[in-house]
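Okay, here's what each chain looks like letter by letter:
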Amino acid sequence: MPFEQLLQYIFSGITSGSIYAIVAIGFNIIYNTTGIINFAQGEFLMLGGMTAISLHSFMPLPLAILAAVIITSAVGALIDFIFIRRLKSPSVLNMVIVTIGLSIMIREIALHVWDEKVRSLPYFTGSEVTSINIMGAYISPQVLWVLGVSGVIVAFLGVFFRFTLTGRSMRACASNITAARLCGINTKNMVTISFMLSAAIGALAGCVISPITQTQYDCGTSLAIKGFTVAILGGLGNSTGAVIGGIIIGLLEAMSISIMPLAYKDAISIAILLIILFARPSGLLGKREAAGLKEF
Amino acid sequence: MRPSVYIPVAVLTACIIAFQIIVSALNREFYLTQLTMSAYYSLVILGLTVLMGYAGQISLGHAAFFAMGGYTTAVLTTYNLAGAAGNPLVKLVVGLGLDTVSTNAYGAQTQHLSPWVSLVVAVCLTAAVAFLIGIPILKLKGHYLAMATLGFGIIVYRIVLGTRMFGEADGISDLPAFRLAGGLAVGGDPGLRVQNYYIAAFLLVAGVILLTNLIDSRPGRALRSIHGSEEAANAMGVNTARYKLSVFVLSAVFACIAGVFLTHFNGGIGPSEAEVMKSVSYVAIVAVGGMANLWGALVMGVVLNYLSLRGYFGSYDEFVFGCILIVIMLFMPEGLLIKENFRILADTAVRIVNKCRAGKQE
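Please read all numbers here as calculations on a predicted model, not as lab measurements.

Engineer: In this structure, what is going on with the overall build of chain B? I would like to understand it.
Structural biologist: Per the secondary structure count, chain B includes 14 helices and 6 strands. Its C-alpha atoms give chain B a radius of gyration of 22 Å, near enough to 21 Å, the size a compact globule of 362 residues would have. Each of the three principal axes of chain B carries a C-alpha extent, and together these read 85 × 60 × 40 Å. With 362 residues in all, chain B has 45% of them scored as buried. Of the contacts made within chain B by residues no fewer than 6 positions apart, 79% connect residues no fewer than 24 positions apart.

Engineer: For this particular structure, what's the right way to read the overall build of chain A?
Structural biologist: Each helix and strand in chain A was counted, giving 12 helices and 2 strands. Helices and strands in chain A line up, N terminus first, as α-α-α-α-β-β-α-α-α-α-α-α-α-α. Taken over the C-alpha trace, chain A has a radius of gyration of 19 Å; the compact-globule value for 296 residues is 19 Å, and the two agree within 12%. Along the three orthogonal principal directions, the C-alpha set of chain A runs to about 60 × 50 × 35 Å. Burial statistics for chain A: of 296 residues in total, 51% are counted as buried. Intrachain contacts of chain A at a sequence separation of at least 6 include 75% that bridge at least 24 residues.

Engineer: Sorry if this is basic, but what is going on with the interface of chain A and chain B here?
Structural biologist: A common way to report how large an interface is uses the accessible area buried once the components associate. Each side of the interface is counted separately: chain A has 32 residues, and chain B has 31 residues. Of all the secondary-structure elements, those providing two or more residues to the side of chain A that touches chain B are helix 4 (92–113), helix 9 (220–234) and helix 11 (265–279) of chain A. A per-element tally of the side of chain A that touches chain B places helix 4 of chain A first, with 12 residues. Residue composition of the side of chain A that touches chain B, by class: 26 nonpolar, 2 polar and 4 charged.

Engineer: Explanation requested: helix 6 (residues 142–162) of chain B in the structure shown.
Structural biologist: Because the α-helix completes a turn every 3.6 residues, residues three or four places apart line up on one side. If you check helix 6 of chain B, its first and last C-alpha atoms are 30 Å apart, about what 21 residues at 1.5 Å a residue would give, namely 30 Å. The buried fraction of helix 6 of chain B is high, at 18 of 21 residues.

Engineer: How do you make sense of helix 11 (residues 276–289) of chain B when you look at a structure like this?
Structural biologist: Relative to the 20 Å expected for 14 residues at 1.5 Å per residue, helix 11 of chain B spans 20 Å between its end C-alpha atoms, a close match to the ideal helical length. Among the residues making up helix 11 of chain B, those that are buried are Lys278, Ser279, Val280, Ser281, Tyr282, Val283, Ala284, Ile285, Val286, Ala287, Val288 and Gly289 of chain B. In the core, the buried residues of helix 11 of chain B are packed alongside helix 4 of chain A together with helix 2 (31–54), helix 3 (62–78), helix 6, helix 12 (294–309) and helix 13 (317–331) of chain B. Positive backbone phi, at 105 degrees, marks Gly290 of chain B, one or two positions downstream of helix 11 of chain B.

Engineer: Sorry if this is basic, but what is going on with the nonpolar core here?
Structural biologist: One recurring pattern in soluble globular proteins is that nonpolar side chains are buried together. Of all hydrophobic cores here, the largest spans 193 residues; its most connected members are Val23 and Leu204 of chain A together with Val44, Ala258, Val286, Ala287 and Leu325 of chain B. Ignoring sequence-local partners within four residues, the contact set of Ala258 of chain B consists of Tyr40, Tyr41, Leu43, Val44, Phe66 and Gly69 of chain B.

Engineer: Help me understand the packing of helix 1 (residues 3–34) of chain A against helix 2 (residues 41–56) of chain A in this model?
Structural biologist: A packed helix pair is summarised by two numbers, namely the angle formed by the two axes and the spacing between the axes. Residue and element names in this part refer to chain A. Running from amino to carboxyl end, helix 1 crosses helix 2 at an angle of 120 degrees, the nearest separation of the two axes being 9 Å. For the element pair helix 1 / helix 2, the angle class is oblique. Note that helix 1 runs across helix 2; the crossing there is right-handed. Side by side, helix 1 and helix 2 meet where Val23, Gly26 and Phe27 of the first sit next to Gln41, Gly42, Phe44 and Leu45 of the second. Classifying every residue of the contact of helix 1 with helix 2 gives 4 nonpolar, 3 polar and no charged.

Engineer: Quick question: what am I supposed to make of unusual backbone geometry here?
Structural biologist: The bulk of non-glycine residues show a negative phi, and the bulk of peptide bonds are trans. Residue and element names in this part refer to chain B. Positioned with a positive phi, Asn27 is a non-glycine residue whose angle comes to about 60 degrees. Structurally, Asn27 can be placed in the loop between helix 1 (3–25) and helix 2. With 7 C-beta atoms packed within 10 Å, Asn27 lands in the exposed category. Within the chain, Asp174 stands out as a residue other than glycine whose phi angle is a positive 60 degrees. Residue classification places Asp174 among the partly exposed residues on the basis of 13 C-beta atoms within 10 Å.

Engineer: Just to check I follow, could you spell out the environment of Gln34 of chain B for this structure?
Structural biologist: Residue and element names in this part refer to chain B. One can find Gln34 in helix 2. On the neighbour-count criterion, Gln34 (16 C-beta atoms within 10 Å) is partly exposed. Placed 271 residues apart in sequence, Gln34 and Asn305 show a C-alpha to C-alpha distance of 8.4 Å. Filtering out sequence-adjacent residues up to four positions away, Gln34 remains in contact with Tyr306, Leu309 and Arg310.

Engineer: Sorry, what's going on with the environment of Ala177 of chain B here?
Structural biologist: Residue and element names in this part refer to chain B. The topology assignment puts Ala177 in the loop between strand 3 (172–173) and strand 4 (178–179). Measuring from C-alpha to C-alpha, the distance between Ala177 and Leu92 comes to 23 Å, with 85 residues separating the pair along the chain. Once residues lying within four places of it in the same chain are set aside, the contact partners of Ala177 are Ser102, Ala185, Val186, Gly187, Asp189 and His264.

Engineer: Explain the packing of helix 3 of chain B against helix 6 of chain B to me, please; I cannot follow it from the model alone.
Structural biologist: All names here are of chain B. Running from N to C, helix 3 and helix 6 point in directions that differ by 30 degrees, and their axes come no closer than 8 Å. Considering the relative orientation of helix 3 and helix 6, their crossing is left-handed. Counted together, Ala63, Ala64, Ala67 and Tyr71 of helix 3 and Phe152, Gly153, Val156 and Val160 of helix 6 form the full contact between these two elements.

Engineer: Looking at this structure, how should I read the confidence of the model for chain B?
Structural biologist: Averaged over every residue, the pLDDT of chain B is 85; residues scoring 70 or more account for 96%. Interface confidence in the predicted complex, given as ipTM, is 0.81; pTM for the same model is 0.85.

Basis of the calculations
Residues numbered from 1 in each chain as written. Chains lettered and ligands numbered in written order. Predicted model: local features only at pLDDT ≥ 70, side-chain atom pairs only at ≥ 80, totals over all residues. Helix = DSSP H or I, 4+ residues; strand = E, 2+ residues; numbered from the N terminus. Rg over C-alpha atoms; globule rule 2.2 N^0.38 Å. Buried ≥ 20, exposed ≤ 12 C-beta atoms within 10 Å, placed from the backbone. Contact = placed C-beta atoms within 7 Å. Nonpolar A, V, L, I, M, F, W, Y, C, P; charged D, E, K, R; others polar. Expected span 1.5 Å × (residues − 1). Core = buried A, V, L, I, M, F, W, Y, C linked by C-beta atoms within 7 Å. Axes fitted to C-alpha atoms, helices over the stretch in contact; angles between N-to-C directions. Parallel < 35°, antiparallel > 145°, perpendicular 65-115°, else oblique. Left-handed = near helix turned anticlockwise from the far one by under 90°. pLDDT = per-residue confidence, 0-100.

Printed below as a string of structure tokens:
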């Protein structure tokens with residue numbers, strides 16, 4: 001394989017990998033405060049993208065994206081208020097079923113609000129045909145947007161969790177929810193915030209990737225499964241792991257396209273998921289003991 | 001079989017016969033078609049109930065086992081043996097008398113593998129796959145188990161959708177009828193409607209009797225102890241891994257048999273049978289039935305599948321199943337068909353009747 005072609009694959013792998021990493025981080029935020037894997041995480045991306053597309057028809061792009069992020073994070077808060085708070089001492093099985101139900105509901109509502117057409121936001125800078133030459137490989141400026149936004153999100157979360165009171169309270173909930181409650185942290189509100197934050201990040205990611213991957217009412221599911229694979233690979237709850245895992249999965253997927261039929265692309269990452277689950281469920285950076293002690 | 005099982009089985013059989021007589025008398029026999037289909041889907045749900053409700057293991061990939069059954073028989077019985085008469089394997093099959101000749105939709109004679117053989121192959125294949133995949137998968141719990149079974153389901157769906165042999169997005173059609181003994185046949189011919197209804201009903205009743213017996217037996221108690229607490233069950237000497245695996249394989253075989261029969265009944269199968277949404281709707285119905293409640297699962301399985309197949313939910317079909325999942329989990333984790341709900345229903349009925357009477361007296 002010539003160097004330029006390899007580089008091209010690597011860029012495409014890193015791009016999709018960073019998208020998966022953002023989805024995985026969304027999973028992690030909710031998982032850390034509640035112990036729930038939110039199967040509706042992918043729907044936040046879809047919702048963000050779709051809302052921004054609709055709003056963009058009568059307002060400038062940055063404003064539309066901002067509004068979409070706010071609306072989606074409100075939806076996240078609503079989900080917590082209406083559904084998650086009502087679950088009294090739920091089993092993992094119940095949580096799985098409820099969030100799957102939520103993901104189906106959001107998807108079907110989106111289908112009836114919008115339709116089954118594929119839409120997309122315009123490219124943030126340039127157009128479909130603009131490209132930048134980097135050492136012989138051509139990439140769209142939108143790819144740089146995706147990488148940039150992912151980087152900003154990761155940096156923002158790092159600062160948020162380390163230096164703000166809310167962020168630190170959320171981390172306290174993650175490490176021991178009873179102790180956090182005893183210290184006077186309103187754990188219920190932390191759960192709401194984690195849903196809002198996760199939804200907001202999802203929506204932002206959904207907007208940034210919309211020009212490249214297009215947005216459709218059912219585009220969330222496959223993203224969620226990839227995101228989950230990445231979250232598991234990196235170790236559930238571990239954001240650094242999510243970034244590393246995302247890039248690994250992205251690269252593997254990009255390489256797999258060059259040797260296998262495109263139809264099997266999704267099957268590859270899921271096969272990886274199964275292998276990780278069977279061999280090392282704690283993930284690359286997860287602690288083995290922690291995974292064993294948690295209730296599953 | 002405990003005596004207490006006779007009554008529901010008798011009631012169910014009576015309902016099955018009564019429905020057929022009423023529908024035939026009203027000349028509305030086409031209702032039986034969807035009812036037959038929902039009976040087969042309910043067979044999948046029965047198997048899943050034992051796995052989820054009694055053994056406490058979620059599976060979001062049961063549509064894959066259903067599709068395995070359906071696709072295996074579809075591939076095997078649509079293969080034209082006459083076209084490859086020179087092949088030694090084909091010669092062996094014909095020599096052993098494992099082939100059948102049927103007339104296809106265009107009136108032409110086709111020589112193909114007997115559906116009995118494909119049924120056996122499908123069951124063996126599915127059981128083997130369930131066994132192999134079950135060993136690592138059932139070691140997982142909670143979210144991991146859900147995701148792993150979901151992943152398995154998606155892989156099967158992708159394979160079915162992307163492989164030429166399985167007809168890609170078109171699926172496989174023109175399956176021959178499955179001729180059972182004594183002139184009975186599973187097929188889509190309108191003349192076979194009534195007997196197909198009874199064949200499906202028979203399988204369903206047989207399935208529910210089998211599973212009720214299983215649950216009332218020693219393995220059944222072991223399974224329930226696993227659901228209660230796996231560690232405690234282990235400490236009591238229950239081989240939890242083996243029981244979980246056997247139930248997983250059993251429920252996969254139920255799904256596979258349903259897949260084989262429904263595919264012959266429909267005369268074809270498409271990739272939508274392997275979709276994740278199918279698996280999720282099976283889980284939803286098990287939940288509505290009350291998780292550890294075979295009869296609840298059976299009733300809800302037949303009713304909801306029937307409504308869905310007749311198109312009563314319209315374009316909101318998936319939405320309905322999503323809502324069911326959430327509402328049941330949030331408000332009635334015991335399912336819809338529990339005594340308390342019946343009591344409330346009976347109380348309201350009595351109250352309404354009393355009100356009517358009081359109204360008349362005034």
